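Close look at the chain arrangement
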Amino acid sequence: MKALILAAGYATRLYPLTRDFPKPLLKVGRRPIIDYIVGKIEGVKEVDTIFVITNDRFFSRFQKWASALKTDKDIKIINDRTKGEKEKLGAIGDMFYALKHERIDDDLLVVGGDNLFDGSLSGFVKFAKEKGGSPCVGLYDIKSREQAKKYGVAYIDEDNKILDFKEKPKEPVSALIAMCLYYFPRARVGLIGEYMSDRKNNQDASGFYIDWLRGRCPVYGFVFSGRWFDIGHHNLYNQAKLQFAKPGVQKGEQS
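Residues numbered from 1 in each chain as written. Predicted model: local features only at pLDDT ≥ 70, side-chain atom pairs only at ≥ 80, totals over all residues. Heavy atoms only, no water.

A short note on the pattern of salt bridges
- For the structure shown, the criterion picks out 18 salt bridges.
- Between K129 and E46 there is a salt bridge whose closest N-O contact spans 3.6 Å. Of the two residues, K129 is situated in helix α4 (residues 121-130) and E46 in the loop between α1 (33-42) and β4 (49-54); the sequence distance between them amounts to 83 residues.
- On the accessibility criterion, K129 (38% relative accessible area) is partly exposed.
- Between E85 and K88 there is a salt bridge, with the nearest N and O atoms lying 3.0 Å from each other.
- Taking relative accessible area as the criterion, K88 reaches 33% and is therefore assigned partly exposed.
- Members of the salt-bridge network, linked through shared partners, are K2, D48 and D106. (Salt bridge = Lys/Arg side-chain N within 4 Å of Asp/Glu carboxyl O. Helix = DSSP H or I, 4+ residues; strand = E, 2+ residues; numbered from the N terminus. Buried < 20%, exposed > 50% of the residue type's maximum accessible area, 1.4 Å probe, protein only.)

Following this line, the structure appears as structure tokens:
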């Protein structure tokens, strides 16, 4: 299994902090956000390589970070060659770029580079494999349908199969939102290329791909509990710094 951390965004909502510095390398507690993600991935024994896809502006910063990182997993930094917000490939575009550039032909675990959450990724992967190798999405109950309007929203049945998925809906059918956390089995990874071949398809927000995908194969949702932070703006970053700086949450797989 390969893991891919999406870290190619320009995080304009966090300016000036991220004008010349990548969001996943911002510190929470004593460690960069991405260290927590790597800690989670280290708990998935099936993963042998972690790819981090970033842009040309921040490529050297991630190379420096990776050279100092202590992990048993192989780490490789991918440069998607974009230099600014107007050039960005988007989440799905970056997934596709990484697949082509690295010729990935394996199960794929995808994690957004600004994700901070409780719970283990090994449990998420185990759940996915129990669903017969179907694609799976990490979900979180945000408790408010009003807040859910800002995210991709899922509706699941009693077996956790996703029956409905919409990106930033005006009228959410639930408060279950996607965390930018995905498992794609090897047999389904090629569908990313099929989606990208139609230029009418949105290449940025990954929720559009999930909605498209569930029309072609079963897609399941795994609901995480505990805390979750999508570091999208200053308030959430400040909250995360307060929460994850507490003792007992310094290692990736700890709550």
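And the narrative resumes.
Regarding the nonpolar core
- Ranked by internal contacts, the top residues of the largest apolar core, which has 55 residues, are W65, L109, L121 and F124.
- The element that contributes the greatest number of residues to this core is α1, accounting for six residues.
- Residues contacting F124, with those up to four places away along its chain left out, are L109, C136, V137, G138, L181, Y182, Y183, F222 and F224.
- Ranked by size, the runner-up nonpolar core spans 34 residues in total, among them L139, I162, W212 and V219. (Core = buried A, V, L, I, M, F, W, Y, C linked by side-chain atoms within 4.5 Å. Contact = heavy atoms within 4.5 Å.)

Observations concerning the pairing of strand β10 (residues 162-167)
- Here strand β9 (residues 152-156) runs beside β10; their pairing, made up of five bridges, is antiparallel. Paired with G152 across the two strands is E167, which belongs to β10. (Pairing = 2+ DSSP bridges.)

Quick word on the side chain of S206
- Note that S206 resides in helix α8 (residues 206-213).
- Of the polar contacts made by the side chain of S206, one reaches the side chain of Y182; its length is 2.6 Å.
- Among residues more than four places away in sequence, those in contact with S206 are A91, I92, M95, C180 and Y182. (Polar contact = N/O pair within 3.5 Å; in protein donor to acceptor, adjacent residues only side chain to side chain.)

Quick notes on the packing of aromatic side chains
- Scanning the model with the defined rule gives 14 aromatic pairs in all.
- Here Y10 and F58 contribute two aromatic rings whose centre-to-centre distance is 6.4 Å and whose plane-to-plane angle is 40°, an arrangement assigned as tilted. Here Y10 is found in the loop between β1 (2-6) and β2 (27-28), whereas its partner F58 is found in the loop between β4 and α2 (59-68), with 48 residues between them in sequence. No difference in accessibility class separates Y10 from F58, as the two residues are buried. (Phe/Tyr/Trp six-rings, centres within 6.5 Å; stacked < 30°, edge-to-face > 60°.)

Geometry only, nothing functional implied.
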